[in-house]
2 protein chains.
Amino acid sequence: MRDLKGRFDLLSINTATFGYQTELDKTVDLLASHNIGGIAPWRREVEAFGVDKAARLIRDAGLEVTGYCRSSYFPAATKEERLAAVQDNIKALEDAATLGADCFVAVVGSITHENPSLEDVRQQTLESLIQLAGRARELQVPIALEPLHPMYVGDRSCLSSLSQAIEWCDIIDAEHPGSVGIAADVYHLWWDPDLDKQLTQAGSRLLAYHVSDWLVPTEDLLTDRGMMGDGVIQLPTIRNSVERAGYNGLIEVEIFSSKNWWKKSPAETLRTCMERFQTHV
Amino acid sequence: MRDLKGRFDLLSINTATFGYQTELDKTVDLLASHNIGGIAPWRREVEAFGVDKAARLIRDAGLEVTGYCRSSYFPAATKEERLAAVQDNIKALEDAATLGADCFVAVVGSITHENPSLEDVRQQTLESLIQLAGRARELQVPIALEPLHPMYVGDRSCLSSLSQAIEWCDIIDAEHPGSVGIAADVYHLWWDPDLDKQLTQAGSRLLAYHVSDWLVPTEDLLTDRGMMGDGVIQLPTIRNSVERAGYNGLIEVEIFSSKNWWKKSPAETLRTCMERFQTHV
C-alpha cells in the first residue's frame, strides 16, 4: 500500500468539500499554493467561470482533474425527455474533455413520481448511458459510474452497489469499449460485505477513489458526511483493497457537511484534509 | 398473489407501530376487537407485563405471535461480554417459546468504539448466533435473522443484505438444522437490484415479512418510516416475489415514525394500517 506521508501530489479535492463558498479561481489558487495534486470541480462553478478559462486556469496551476462532477439525472417520464437528458450530459462530457478530466462522474438519478418502477428506471438509465457512451468513447473521456449508498435509491440513484456498477460496465463496454468505468466512494460502499471481492473484480475499471467518513450518529442523509478519521469507516482497509485491485491514481476527498466543514474556511478545511490524508486514509 | 381485501387474519401489527403508547393488554384488546391475525410484541412490554401472563393474554385473544422483538446486540469487546450477550438472548428465546412465537427476531448489532473492524464483528456475530442456535433448535423457535438497511451498519447491524443473511443461514443451519431463517423487511431490502432473485433463493427460509414505506425525503435515519402507500416502495411487486418464493404467512406492519404515526392514537393508526393493507401492500 502506498505511503501517503507528504504525498499531496496524490491528494485531490472535490470542490464540494468547501461548500461552494469561493469561486473556482480562488479554490485553484488555494490548492496550487499547497501543492495539492488534483481537483474535482462541479459544473455549476465551471460553467459560471467559463469552461475554456477554467481549463487554462487549472492546467496552468498544474492540477489534475480527477473527475468532472457530474451528470444530470437520466430517468424521465417521456422518451423525448430522456433524450434531452442524454444531450445535456453530452454537453457536460464535452466540457470534461476541454478540462482534460480523467473521467466524467455519473450520478444517474432514480425513480420519480412519473416513473415509480425501480426496475424500469434501471433499464432506461442503462439505455441512456449506452447512448452517452458513444460520445464518451469519441472524446476519450470515460464515464465513471458512481454507485450511491442504498439510502439514495428513493431520489438520487438507482445504481446502488458496486456489483451493479460492474454489471453495467460490462454491458456498456461491450457496445463502446473504453467508454466507462467506476468511481468508488467509500461513503457509498463501505457497508458491503463483499466489498473486497468486488473491488478486485472491478480492477482496471476503477477510475476514481473518493474518501470521507461515516459519522455515528448521522443526522442528515445528504449533508452529514465526516472528515476522514471522525467516523467509523476503516479507510486503510478499503484503500488496501483498492490498491491491490490495481488502482494507483489520486485519492479524492469529497465531504458534504452543511453543519460542520461547510461553515469553516476552505483554508482550514484543506489543512485538516491534508493532515488526515496522511494519517487516516 | 393473495388477495388481501378483508383478510385481516393475514395482518399482524408490530407494536412499535403504535409508538409504545399503551400497555400490552390494551394493544391486544384493540387488535382482537378488529379481528387482526397477529401481533409482534417487544421484550420491554412483555417483560413489564410478565411473560406468562402475556402469553395467556395473547393466546386467549386468538392472536398469532409473528415474531418476538428482538435480540440484544451480539458484538462486544471481550469474550465474556459476548458470552453474556448470548445468555441474554437465550433468556429472550425462552420467552419467545413461552409466547409461542413463530420466530425470535435477531437485530444483531455492529461495530463499536472497542470493536471497530466490520470484518471481525461480522465473524464474531456469526459465532454468537451459532451458539444461540443450539438453544433455538431445542426450543423449536427459529431465529429470524433480520438484515437491516446498509445505513445502519455504523451502529445497529453488521448484517446488511439478504444475500449475507442467506449465507449466514447456510452456515448456522449446517450446525443446527431448523434453527434459523430470515425476517424480510421491505424497508431494509427494497433497494437491492437482486432482490427478486435473492427472495427466490431464500425460499423456505423466509419466516416473517415486514412492511412499511420509504419516504422521500427521509428526515431521520431511524424514526421516519412511512405508512404503506405514503412512500416510494412498490410493495405489491415485492410481495409478489415473496409469495412466489413460497411465503404464505402473515404480513407484519412495522413503522417507526416519531413525527407522525407515533403521535396518533393506536386506534387511528390501526384503522389506516387496515385500509392500506388491502390497497397498497
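One can find the structure itself at the top, above this paragraph.
Owing to the predicted nature of the structure, the values given are computational and were not obtained by experimental measurement.

S.K.: Quick rundown of the overall build of chain A? Include the residues and the values.
M.R.: For chain A, the count of helices and strands is ten helices and nine strands. Here the C-alpha atoms of chain A give a radius of gyration of 18 Å, agreeing with the 19 Å that 2.2 N^0.38 yields for 281 residues. Each of the three principal axes of chain A carries a C-alpha extent, and together these read 50 × 45 × 35 Å. Evaluated residue by residue, chain A yields a buried proportion of 61% over its 281 residues. Counted over contacts in chain A with a minimum sequence separation of 6, partners at least 24 positions apart contribute 78%. Carbon and sulfur atoms form 46% of the exposed surface of chain A, whose accessible area is close to 10,800 Å².

S.K.: Help me get a handle on the pattern of salt bridges, residues and values and all.
M.R.: Oppositely charged side chains are able to pair whenever their charged atoms sit close together. Residues and elements named next belong to chain A. Counted under the stated rule, the structure contains 31 salt bridges over all chains. For the salt bridge of Arg 135 with Glu 94, the shortest nitrogen-to-oxygen distance reads 3.1 Å. With Arg 135 in helix 5 (residues 118–139) and Glu 94 in helix 4 (residues 79–99), this pair connects stretches of sequence that are 41 residues apart. On the accessibility criterion, Glu 94 (30% relative accessible area) is partly exposed. Between Asp 194 and Lys 197 there is a salt bridge, with the nearest N and O atoms lying 3.9 Å from each other.

S.K.: How would you summarise the relation of the copies chain A and chain B if you had to cite specific residues and measurements?
M.R.: Taken together, a rotation about one axis and a shift along it account for how the two chain copies relate. Note on the copies: chain A fits chain B at an RMSD of 0.0 Å, the axial shift is 0.0 Å, and the rotation between them is 180 degrees. Taken together, these values place the two copies in the relation of a two-fold axis.

S.K.: Can you lay out the interface of chain A and chain B for me, pointing to particular residues and giving the numbers?
M.R.: Taken together, the 25 residues of chain A in the interface contact 25 residues of chain B. Contact between chain A and chain B buries roughly 2,000 Å² in total, counting both sides, with carbon and sulfur atoms accounting for 68%. Per-residue buried area on chain A facing chain B is highest for Trp 191, Pro 193 and Leu 221 of chain A; these three make up 24% of the total on that side. Run the count over chain A and chain B and you get two residue pairs in polar contact (both at pLDDT 80 or more). Residues that form the side of chain A that touches chain B fall into these classes: 13 nonpolar, eight polar and four charged.

How each quantity is defined
Each chain carries its own residue numbering, running from 1 in the written order of its sequence. To label them, take the chains in the order written and letter them from A, then take the ligands in the order written and number them from 1. Predicted model: local features are reported for residues with pLDDT of at least 70 only, side-chain atom pairs are reported and counted for 80 or more only, and whole-chain, interface and lining totals are derived from all residues. Side-chain measures here rest on the full set of heavy atoms in the structure, leaving out hydrogens and waters. Strands here are runs of E lasting at least two residues and helices are runs of H or I lasting at least four, both read from the DSSP assignment and numbered beginning at the N terminus. The globule rule is 2.2 Å times the number of residues to the power 0.38, and the radius of gyration it is compared with is taken over C-alpha atoms. For each residue, the accessible area found with a 1.4 Å probe, counting protein chains only, is set against the maximum for its type, and the residue is called buried under 20%, exposed over 50%, and partly exposed in between. We call two residues contacting when some pair of their heavy atoms lies within 4.5 Å. Each accessible area is a Shrake-Rupley estimate made with a 1.4 Å probe; only the visible protein chains count as cover when residues are assessed. When a carboxyl oxygen of Asp or Glu is within 4 Å of a side-chain nitrogen of Lys or Arg, the pair counts as a salt bridge. What sets the superposition is a least-squares fit of C-alpha atoms, and only residues with pLDDT of at least 70 in both copies go into it. By buried area we mean the combined loss of accessible area, with a 1.4 Å probe, across both parts when two parts are placed together. By the criterion applied in these results, polar contacts are pairs of N or O atoms within 3.5 Å in which, for protein atoms, one can donate a hydrogen and the other can accept it, and in which residues neighboring in sequence qualify only through two side-chain atoms. Put simply, Ala, Val, Leu, Ile, Met, Phe, Trp, Tyr, Cys and Pro go in the nonpolar bin, Asp, Glu, Lys and Arg in the charged bin, and everything else, Gly too, in the polar bin.

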